[in-house]
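Per-entry structural report
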Amino acid sequence: MGKADFLSPKAIGNRIKSKGLQKLRWYCQMCQKQCRDENGFKCHCMSESHQRQLLLASEDPNQFMDLFSDEFKTDFLELLRRRFGTKRVHNNIIYNEYIGDREHVHMNSTQWETLTDFTKWLGREGLCKVDETPKGWYIQWVDRDPETIRRAEEQERKKKQDLDDEERSAKFIEDQVRRGRAGKEPEEESVYTELVRESEEEKVTFNLSKGACSSAGPSSAGPSKGPSLGASALRAASSSSVKRKDASHSSDSKDKKKKSALEEIMEMEAQQQKKKMVKLDNWLHTDIVVKIVTKRLGEKYFKKKGVIKEVQDKFTAIVKMVDSGDKLKLDQTHLETVIPASGKRVLIVNGQYRGTEAVLEGIEEKKFSATLMLDSGRMKGKRVEAIPYEDFSKMA
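Residues numbered from 1 in each chain as written. Predicted model: local features only at pLDDT ≥ 70, side-chain atom pairs only at ≥ 80, totals over all residues. Heavy atoms only, no water.

1. Digging into the sheet that holds strand β8 (residues 316-321)
Cut-off, in case you're wondering: The pairing criterion is simple: DSSP has to find at least two bridges between the two strands. A run of H or I in DSSP counts as a helix once it spans at least four residues, and a run of E counts as a strand once it spans at least two, with each numbered from the N terminus. Convention adopted: a line fitted to C-alpha atoms gives each axis, helices being fitted over their contacting stretch, and angles between N-to-C directions are expressed from 0 to 180 degrees.
Sheet architecture is open: five strands sit in the order β9-β8-β7-β6-β10, paired in antiparallel fashion. Each edge of the open sheet carries a strand with a single partner, namely β9 (327-331) and β10 (335-337). The average angle at which neighbouring strand axes cross in this sheet is 45°, direction not considered. As paired elements, strand β6 (residues 289-292) and β10 share three bridges and run antiparallel to each other. Directly across from Ile-292, in β10, lies its bridge partner Leu-335.

Okay, here's the thing in structure tokens:
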């Protein structure tokens, strides 16, 4: 019986069936022929062309196996690199995507019998990072591209340089502190001793200050010497307290006059912290133009602009859309500021000049900031630089 006509229903059905993926066990890798059923595969194995291919393979079977193995490995790793990059993924997911191609090299024609053996081989060769879990084997591609390695080394060098700069600055601060401490005179340490009486007849004396009279114990001194002892003790105590106050005042004045490098750095950090504390969490203001950045409302409102008509609870705004005129109630996290063209009026919504109107003079794209000329308030006419994009917005 001859072949069916090209446009006959049988021929069309056969072509439709041959388009899709067939069972892998009915595929001949040597002849690169896919059979649709067991009978067709049996007939193909008995054909003369298949027998000739087997004779060719029998002459040098290792050559054909190495060729198929190398092609399978190359295509598998290329799919892993292009599809998943350096992400950790289950090996069966990659294999299912790989065999989706009709012209792929089948594993039964390679040196590996199973996918697990191939995964272990990739780990031993260092081509991928492999690990076994209760869910199966996971693999991760190792990027050995020279350009990628160069970028990684450059980042590591830059990180090390930053650390060296930090260590250098820390060492400089330590040197300044050590110099400041070395300039101060060492304080005399007081030595405390116990009151020990070797015999009962021995007198215990107290030397309160230079020139003060000594006193005897109550067992030997008379009552008439008590008032003179108290007066001398009070005079000595008052004179010593006056000296301590004078010394403290002089030391305070010296500290105020001369500050160490550590104190200056601490003051600078405190000033920077105060500047940072000027910023608030809420930045919503009325009569400014904002952009919607959430997709929850659909494509109709995504990336569209509107004007804030009312602010509720500091973090919620009633926005009137510019195009459609619809009014929406949105949270602050779903909105972002709008940057107009140079020369347009803006409102500073956060930072030191919060609530001040200004004119946009220029934009620094690399620093994500702009230069503004204040147009209201006490600082009118002042030129302010390095204002972040999120701290000002176009006025309606």
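2. A word on the nonpolar core
To keep it simple, the criterion reads: Here, nonpolar core means buried Ala, Val, Leu, Ile, Met, Phe, Trp, Tyr and Cys residues that are tied together by side-chain atoms lying within 4.5 Å of each other. Here's how the labels work: a residue is buried when its accessible area is under 20% of the maximum for its type, exposed when over 50%, partly exposed in between, all with a 1.4 Å probe on protein chains only. Contacts between residues were defined by any pair of non-hydrogen atoms, one from each residue, lying within 4.5 Å.
By size, the foremost hydrophobic cluster in this structure holds 22 residues, and its most contacted members are Phe-72, Phe-76, Leu-80, Ile-94 and Phe-118. Within the residue set of this core, elements represented by two or more residues are α4 (61-84), α5 (91-98), α6 (115-125) and β5 (136-141). The element contributing the most residues to this core is α4, with seven residues. Once you skip the residues sitting within four places of it in the chain, Phe-76 turns out to touch Asn-91, Ile-94, Tyr-95, Tyr-98, Phe-118, Leu-122 and Ile-139. Membership of the second largest hydrophobic core comes to 15 residues, among which are Trp-283, Leu-284, Ala-317 and Leu-335.

3. Description of the sheet that holds strand β15 (residues 392-394)
Reading across from one edge, β14-β13-β12-β11-β15 is the order of the five strands in this open sheet, with antiparallel pairing throughout. The open sheet terminates on both sides in strands that have one partner only, identified here as β14 (383-388) and β15. Neighbouring strand axes in the sheet, compared pairwise and without regard to direction, differ in orientation by 45° on average. With three bridges joining them, strand β11 (residues 345-348) and strand β12 (residues 357-364) adopt antiparallel strand pairing. Residue pairing across strands places Arg-345 opposite Val-359, the latter belonging to β12.

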